[in-house]
Amino acid sequence: MREMRELGLPVGIGCDGSASTDHASLWMETRGALLLGRYRGGPGAMTARDALDIATRGSAQCLGRADELGHLRPGACADLVVWDLHEVALAGALSDPVEAWLRCGPGRAWTTVVGGRVLVYRGEPVLAGLRDALTEHGRFARRMQLLD
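Before going into details, it helps to say that this report is about the structure given with it.

1. Looking at the sheet that holds strand β2 (residues 109-114)
Step number 1: On the basis of which strands lie adjacent, the open sheet formed by 4 strands has the order β1-β2-β3-β4 and antiparallel pairing. The open sheet is flanked by β1 (80-83) and β4 (124-125), the only strands paired with a single partner.
Step number 2: Both strand β3 (residues 117-121) and β4 contribute to a ladder of 2 bridges, which runs antiparallel. Bridge assignment links Y121 to a residue of β4, and that residue is E124.

Here is the structure:
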């Protein structure tokens, strides 16, 4: 990725659910990119801030939406995730909070805002109809896995 970025090519990271990580976690994909970049090019080949930039601004550029995604400023889409990084999870991670966030990992989002709408608050989803959607999802999953 470093070579592509040095050439001025847009580089982004994405996930689309089970086809990516079975967790739909852009954080996991970003962490994987960080570790893979370091594996391929050595410890200095990619920083945590490089990976975060690729996942945010780089991804927005790849989607052709750099003016409204990948950053926080007036006129942007107002997508934001806040993680509660417990002191036990971050024990020993003293020098760089972005590195600690990517390497130690959040367990779940504390607050998620998409398009200005709060979807997760204090670690719990606040989506209308979520219970019904999960019940229907469970029926489909059981059928696909031949459990019914």
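2. Some words on unusual backbone geometry
Step number 1: Despite not being glycine, R122 shows a phi value in the positive range, around 55 degrees.
Step number 2: Considering the arrangement of structural elements, one finds R122 in the loop between β3 and β4.
Step number 3: Positive phi, normally seen in glycine, also occurs at L146, with a value near 55 degrees.
Step number 4: Examined against the element boundaries, L146 turns out to sit in the segment after α5 (130-144).
Step number 5: Since its relative accessible area comes to 74%, L146 is described here as exposed.

3. Quick look at helix α3 (residues 48-62)
Step number 1: Relative to the 21 Å expected for 15 residues at 1.5 Å per residue, α3 spans 20 Å between its end C-alpha atoms, a close match to the ideal helical length.
Step number 2: Those residues of α3 lying buried are A48, A51, D53, I54, A55, G58, S59 and A60.
Step number 3: The secondary structure elements touched by the buried residues of α3 are α1 (2-6), α2 (26-41) and α4 (97-104).
Step number 4: Phi turns positive, to about 70 degrees, at G64, one or two residues after α3.

4. Re the side chain of T111
Step number 1: When you line up the elements, T111 lands in strand β2.
Step number 2: According to the relative accessible area criterion, T111 is buried, its value standing at 17%.
Step number 3: Not counting the four nearest positions on each side in its chain, T111 is found in contact with L80, V81, V82, V120 and R122.

5. Structural notes on the packing of α2 against α3
Step number 1: It is the contact of α2 with α3, at a shortest axis distance of 9 Å, that shows an interaxial angle of 130 degrees. When the axis of α2 is compared with that of α3, the two are oblique. Relative to α3, the crossing made by α2 is right-handed. Contact with α2, carried on its side by L26, T30, L34 and R38, involves A48, A51, L52 and A55 of α3 and no other residues of that element.
Step number 2: Looking at the contact of α2 with α3 residue by residue, the class counts come to 6 nonpolar, 1 polar and 1 charged.

6. Side note on the packing of α3 against α4
Step number 1: Packing of α3 against α4 leaves a shortest axis separation of 8 Å and a crossing angle of 75 degrees. Classified by the interaxial angle, the pair formed by α3 and α4 is roughly perpendicular. Where α3 abuts α4, its residues A48, R49, A51 and L52 lie against V98, E99, W101 and L102.
Step number 2: For the contact of α3 with α4, the per-class residue count stands at 6 nonpolar, no polar and 2 charged.

Cut-offs and rules
Residues numbered from 1 in each chain as written. Predicted model: local features only at pLDDT ≥ 70, side-chain atom pairs only at ≥ 80, totals over all residues. Heavy atoms only, no water. Pairing = 2+ DSSP bridges. Helix = DSSP H or I, 4+ residues; strand = E, 2+ residues; numbered from the N terminus. Buried < 20%, exposed > 50% of the residue type's maximum accessible area, 1.4 Å probe, protein only. Expected span 1.5 Å × (residues − 1). Contact = heavy atoms within 4.5 Å. Axes fitted to C-alpha atoms, helices over the stretch in contact; angles between N-to-C directions. Parallel < 35°, antiparallel > 145°, perpendicular 65-115°, else oblique. Left-handed = near helix turned anticlockwise from the far one by under 90°. Nonpolar A, V, L, I, M, F, W, Y, C, P; charged D, E, K, R; others polar.

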